[in-house]
Each structure stands twice: as structure tokens, then as C-alpha cells.
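Summary of structural features
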Amino acid sequence: MMNKVTSFSKLVVGIIVLLVLIVLHVIPLPILEVLILYVMIFRPLWFKKLVDQFYEQ
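Keep in mind the model is a prediction, meaning the values are calculated, not measured.

A look at the layout of surface pockets
Unfilled space is identified by rolling a water-sized probe across the atoms. Each pocket or cavity is described by its volume, and for the largest pocket that value is around 910 Å³. Along its surface, the largest pocket is lined by 25 residues, and Lys10, Gly14, Leu50, Val51 and Phe54 are the ones closest to its centre. Contributions of two or more residues to the lining of the largest pocket are made by helix H1 (2–26), helix H2 (31–42) and helix H3 (45–56). Of the residues belonging to the lining of the largest pocket, the class tally is 17 nonpolar, 6 polar and 2 charged.

Put into C-alpha cells, the structure is as follows:
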């Protein structure tokens, strides 16, 4: 039960982050592109964990 609550809350947070990025993308600021470039260059551990959790389910 606890695992489903935490995975649901992570899903909600992920959706909120994506919505914020979509809103910021409408404004002519390259925030999404900079974030993607950061992830591609530095390959942060939090991104790998996020992808692993996503594909684990």
C-alpha cells in the first residue's frame, strides 16, 4: 500500500513538472532545451533513477 502511494505521488509530481515546463515553453525562453541539454551532457543520477522507476512499473 505504501509503495502505491509513493509511486502515485511521484506520478503527480512528474505531471506537475511537465505542465510547468510546457507553460514555460510557451514563453520564448529555452528552458526545456537547456534542461534536456543538461541531462544529455551531465547524465545526473536523479534522471537515471527516474527512468528506472518509470520502466520498473
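Now that the structure is up, let's keep going.
Observations regarding H2
Between its first and last C-alpha, H2 extends 16 Å over 12 residues, near the 16 Å set by a 1.5 Å rise per residue. In the segment just after H2, Arg43 is the residue with positive phi, at about 45°.

Details of the pattern of salt bridges
Applying the stated criterion across every chain, the model contains 1 salt bridge. Between Lys48 and Asp52 there is a salt bridge, and its shortest N-O distance comes to 2.8 Å. Highlighted residues: Lys48 and Asp52, both in helix H3, separated by 4 residues, approximately one helical turn. For Asp52, a relative accessible area of 39% translates into the label partly exposed.

Quick word on a nonpolar patch on the surface
A surface patch of nonpolar side chains, about 1,000 Å² in accessible area, is lined by Leu35, Ile36, Leu37, Tyr38, Met40, Ile41, Phe42, Trp46, Phe47 and Leu50. Of all elements in the fold, only H2 and H3 reach the threshold of two or more residues within the nonpolar patch. Among the elements that line the nonpolar patch, the one with the most residues is H2, at 7 residues. Along the chain, Ile41 turns up in helix H2. By relative accessible area, which is 54% here, Ile41 ends up exposed.

The rules behind each value
- Each chain carries its own residue numbering, running from 1 in the direction its sequence is written.
- Local features are withheld for residues below a pLDDT of 70 in this predicted model, meaning they are given only at 70 or higher, and side-chain atom pairs are given and counted only at 80 or more; totals for whole chains, interfaces and linings count all residues.
- Side-chain numbers come from the whole structure's heavy atoms, not from hydrogens or water.
- Cavities and pockets were defined on a 1 Å grid built from protein atoms only: a cavity is a group of points that admits a 1.4 Å probe but offers it no way out, a pocket is an open group of points flanked by protein on both sides within 12 Å along at least five of seven lines, and a lining residue is one with an atom within 4 Å of any such point.
- Grid points are joined across faces, edges and corners, and a volume is the space filled by probe spheres set on the points.
- Per the convention used, a helix needs a DSSP run of H or I reaching at least four residues, while a strand needs a run of E reaching at least two, with both numbered from the N terminus.
- Amino acids outside the nonpolar list (Ala, Val, Leu, Ile, Met, Phe, Trp, Tyr, Cys, Pro) and the charged list (Asp, Glu, Lys, Arg) are all regarded as polar, and Gly is one of them.
- Each residue after the first adds 1.5 Å to the expected span of a helix.
- Only one rule defines a salt bridge in this text: a Lys or Arg side-chain nitrogen within 4 Å of an Asp or Glu carboxyl oxygen.
- Note on exposure labels: buried denotes an accessible area under 20% of the residue type's maximum, exposed denotes more than 50%, and partly exposed covers the range between, all computed with a 1.4 Å probe on protein chains only.
- In this scheme, patches are assembled from residues that exceed 30% relative accessible area and form no salt bridge. Like charges are connected within 9 Å, while nonpolar side chains (Val, Leu, Ile, Met, Phe, Trp, Tyr) are connected within 5 Å.
- The protein chains shown are the only cover counted for residues, whose accessible areas, like all others here, come from Shrake-Rupley with a 1.4 Å probe.

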